[in-house]
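Examination of the molecular architecture
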Amino acid sequence: QLVESGGGLVQAGGSLRLSCAASGRTFSIRTMGWFRQGPGKEREFVAAITWSGDDTKYAYSVKGRFTISRDNAKNTTDLQMNSLKPEDTAVYYCAADGRTYTRLTDDRRAYKHWGQGTPVTVSP
């Protein structure tokens, strides 16, 4: 089970930190990712981190502004979002790769475990 928290309303230029708490499965040995789905848009990749935390990948639109991290001892994966823009408005989803001990992927099809999402709204 994956549960996201930390979403909310923020002004452009502000920051938010999303957190994903995992329980019930071996998430500490899975690549974890964040995806988002804006109004009327497809769900898109935002960031991913390997099971060991030694590598990360970001969508071009968030690179340099967002940082993904994980704490396997606490079974959490966070997304620090800085310099937020109105176009970052979306529901943000935490996801876990269906496989274990794999490298990074931004392919949504590889992620088999999903949270319910947390909404983020960035006002102009």
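Structural data are supplied above this passage.
A brief structural summary. Owing to the predicted nature of the structure, the values given are computational and were not obtained by experimental measurement.

Of note, Gly14 is situated in the loop between strand 2 (8–11) and strand 3 (16–22). Excluding its chain neighbours within four sequence positions, the residues that come into contact with Gly14 are Met81, Asn82, Ser83 and Leu84.

Let's shift gears to the packing of aromatic side chains. Under the criterion given, the structure shown has five aromatic pairs. Ring plane angle 75° and centroid distance 5.7 Å describe the contact between Phe35 and Phe45, whose orientation is recorded as edge-to-face. Here the residue Phe35 occupies a position in strand 4 (residues 32–37), and Phe45 occupies one in strand 5 (residues 44–49), the gap between them amounting to ten residues. Across the pair, exposure class does not vary: Phe35 and Phe45 are buried alike. In textbook terms, an aromatic cluster arises when at least three aromatic residues are bridged by ring pairs, as seen for Phe35, Phe45, Tyr111 and Trp114. Between Arg43 and the ring centre of Tyr93, over which it is positioned, the NZ or CZ distance is 3.7 Å. Against the face of Trp114 rests Arg43, its NZ or CZ located 5.0 Å from the ring centre.

About the cut-offs
Residues numbered from 1 in each chain as written. Predicted model: local features only at pLDDT ≥ 70, side-chain atom pairs only at ≥ 80, totals over all residues. Heavy atoms only, no water. Helix = DSSP H or I, 4+ residues; strand = E, 2+ residues; numbered from the N terminus. Contact = heavy atoms within 4.5 Å. Phe/Tyr/Trp six-rings, centres within 6.5 Å; stacked < 30°, edge-to-face > 60°. Buried < 20%, exposed > 50% of the residue type's maximum accessible area, 1.4 Å probe, protein only. Lys NZ or Arg CZ within 6 Å of the ring centre and 35° of its normal.

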